[in-house]
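Architecture at a glance
Residue-level listing of the chains:
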Amino acid sequence: GIQVEQSPPDLILQEGANSTLRCNFSDSVNNLQWFHQNPWGQLINLFYIPSGTKQNGRLSATTVATERYSLLYISSSQTTDSGVYFCAVVSGGSYIPTFGRGTSLIVHP
Amino acid sequence: EAGVAQSPRYKIIEKRQSVAFWCNPISGHATLYWYQQILGQGPKLLIQFQNNGVVDDSQLPKDRFSAERLKGVDSTLKIQPAKLEDSAVYLCASSFLATVPEQFFGPGTRLTVL
């Protein structure tokens, strides 16, 4: 099946810093989503982005499907950004979602 | 619009006991997913339904896990008998269609097997 790799696995920032999270995938995809899992375990949709670029406030994402990667940008990070960020893909033709192992982010005040 | 509902939120059982989880997806969503998330890992898909049919259950341990979605709306996931390694968070998600796979997740059920 499709392989999804996220980097870095862990990230520690000071409040106000910017960061870039990466998701690489091994095959063509129909869909790609970015999620934030908060400390209570709830998975919150950030972006539904099979291709192109989207922005929502301090967050933006870019997926380059032809090169099999996606990037999540967090600007001016806040302590509430702490948690685990997951990338999930749906591979071409199968419609079966696969998650990466996530990037754990800690933002210190 | 109401989100995905799950119950119970927490469950503690002893090994070899049975347990069931319930999920109510977003109204109008035809596709429903059950995931298992072990601490420190990403969610792993157990089973995917399209209406009341199974799209994929290749990672469901069928000797002990079962799931149903009889009327194409609510779903239950059962474990019988439970093992220690089943301790995890069980997440339910739904999407409008499998071909429109933007998923929305419920709060999850945290299962501890002692």
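See the structure shown above.
Below, the structure is looked at part by part. Quick caveat, the model's predicted, so the values are computed rather than measured.

A few points about the environment of Asn31 of chain A
You can see Asn31 of chain A is positioned in strand E4 (residues 29–37). Its relative accessible area of 1% is what places Asn31 of chain A among the buried residues. C-alpha separation for the pair Asn31 of chain A and Thr63 of chain A, spaced 32 residues apart in sequence, amounts to 10.0 Å. The residues contacting Asn31 of chain A, other than those within four sequence positions of it, are Tyr48, Ile49, Pro50, Ala88, Val89 and Val90 of chain A together with Pro101 and Glu102 of chain B.

Observations regarding the sheet that holds strand E3 (residues 19–25) of chain A
Residues and elements named next belong to chain A. On the basis of which strands lie adjacent, the open sheet formed by 5 strands has the order E1-E3-E8-E7-E6 and antiparallel pairing. Every interior strand has two partners, whereas the edge strands, strand E1 (4–7) and strand E6 (52–56), have only one. Across the sheet, the mean angle separating the axes of adjacent strands is 15° when strand polarity is ignored. Pairing of E6 with strand E7 (residues 59–64), which is carried by 5 bridges, proceeds in the antiparallel orientation. Directly across from Gly52, in E7, lies its bridge partner Thr63.

Details of the interface of chain A and chain B
Contact with chain A, which involves 16 residues of that partner, is made by 21 residues of chain B. Between chain A and chain B, roughly 1,600 Å² of surface is buried when both sides are summed, and carbon and sulfur atoms account for 56% of that area. For the pair chain A and chain B, the number of links is 0 salt bridges. Summed over the shared surface of chain A and chain B, the result is 5 residue pairs in polar contact (both at pLDDT 80 or more).

Here's the deal with the state of the cysteines
Evaluation of the coordinates by the stated rule reveals 2 disulfides over all chains. In this model Cys23 of chain A forms its disulfide with Cys87 of chain A; the gap between the sulfur atoms is 2.0 Å. One quick way to see it: the torsion about the S-S bond of Cys23 of chain A and Cys87 of chain A is about -55°, and its sign makes the bridge left-handed. Residue Cys23 of chain A is located in strand E3, and its partner Cys87 of chain A is located in strand E9 (residues 83–91); the two are separated by 64 residues in the primary sequence. Judged by its relative accessible area of 0%, Cys87 of chain A is buried. In this model, Cys23 of chain B is linked to Cys92 of chain B through a disulfide, with the two sulfur atoms separated by 1.9 Å. With the S-S bond torsion at -70°, the cross-link from Cys23 of chain B to Cys92 of chain B turns out left-handed. Placement of Cys23 of chain B in strand E3 (residues 19–24) and of Cys92 of chain B in strand E9 (residues 88–95) is noted, with a sequence separation of 69 residues between them.

A closer look at the packing of aromatic side chains
According to the stated counting rule, one finds 9 aromatic pairs over all chains in the structure shown. Where Phe99 of chain A meets Tyr35 of chain B, the ring centres are 5.4 Å apart and the plane angle is 85°; that geometry is what we call edge-to-face. In this pair, Phe99 of chain A sits in strand E10 (residues 97–99) while Tyr35 of chain B sits in strand E4 (residues 31–37), so the two residues belong to two different chains. The interplanar angle of 40° and the centroid separation of 5.4 Å between the aromatic rings of Tyr35 of chain B and Phe105 of chain B together place this pair among those described as tilted. Here the residue Tyr35 of chain B occupies a position in strand E4, and Phe105 of chain B occupies one in strand E10 (residues 104–105), the gap between them amounting to 70 residues. Members of the aromatic cluster, joined through ring pairs, are Phe35, Phe86 and Phe99 of chain A together with Tyr33, Tyr35 and Phe105 of chain B. The ring of Tyr69 of chain A carries Arg22 of chain A above its face, with NZ or CZ at 4.3 Å from the centroid.

Describing the pairing of E3 of chain B
Each regular strand carries side chains that alternate between the two faces of the sheet. Residue and element names in this part refer to chain B. Of the two faces of E3, only the one carrying Val19, Phe21 and Cys23 is buried; Ala20, Trp22 and Asn24 on the other face are not. Sheet analysis places strand E1 (residues 5–7) next to E3, joined by 3 bridges and oriented antiparallel. Bridging across to E3, Ser7 finds its partner in Trp22.

Digging into the pattern of salt bridges
Residues and elements named next belong to chain B. In the structure shown here, the tally under the stated rule is 3 salt bridges over all chains. Between Asp57 and Lys62 there is a salt bridge, with its nearest N and O atoms 3.7 Å apart. Across the pair Asp86 and Arg64 runs a salt bridge whose closest N-O atoms are separated by 2.5 Å. On the criterion of sequence distance, the pair formed by Asp86 in the loop between strand E8 (75–79) and E9 and Arg64 in the loop between strand E6 (53–56) and strand E7 (65–68) is long-range, its members being 22 residues apart.

About the thresholds
Residues numbered from 1 in each chain as written. Chains lettered and ligands numbered in written order. Predicted model: local features only at pLDDT ≥ 70, side-chain atom pairs only at ≥ 80, totals over all residues. Heavy atoms only, no water. Helix = DSSP H or I, 4+ residues; strand = E, 2+ residues; numbered from the N terminus. Buried < 20%, exposed > 50% of the residue type's maximum accessible area, 1.4 Å probe, protein only. Contact = heavy atoms within 4.5 Å. Pairing = 2+ DSSP bridges. Axes fitted to C-alpha atoms, helices over the stretch in contact; angles between N-to-C directions. Buried area = accessible area lost by both parts, 1.4 Å probe. Salt bridge = Lys/Arg side-chain N within 4 Å of Asp/Glu carboxyl O. Polar contact = N/O pair within 3.5 Å; in protein donor to acceptor, adjacent residues only side chain to side chain. Disulfide = S-S within 2.5 Å. Phe/Tyr/Trp six-rings, centres within 6.5 Å; stacked < 30°, edge-to-face > 60°. Lys NZ or Arg CZ within 6 Å of the ring centre and 35° of its normal.

Read these as spatial facts, not as claims about activity.
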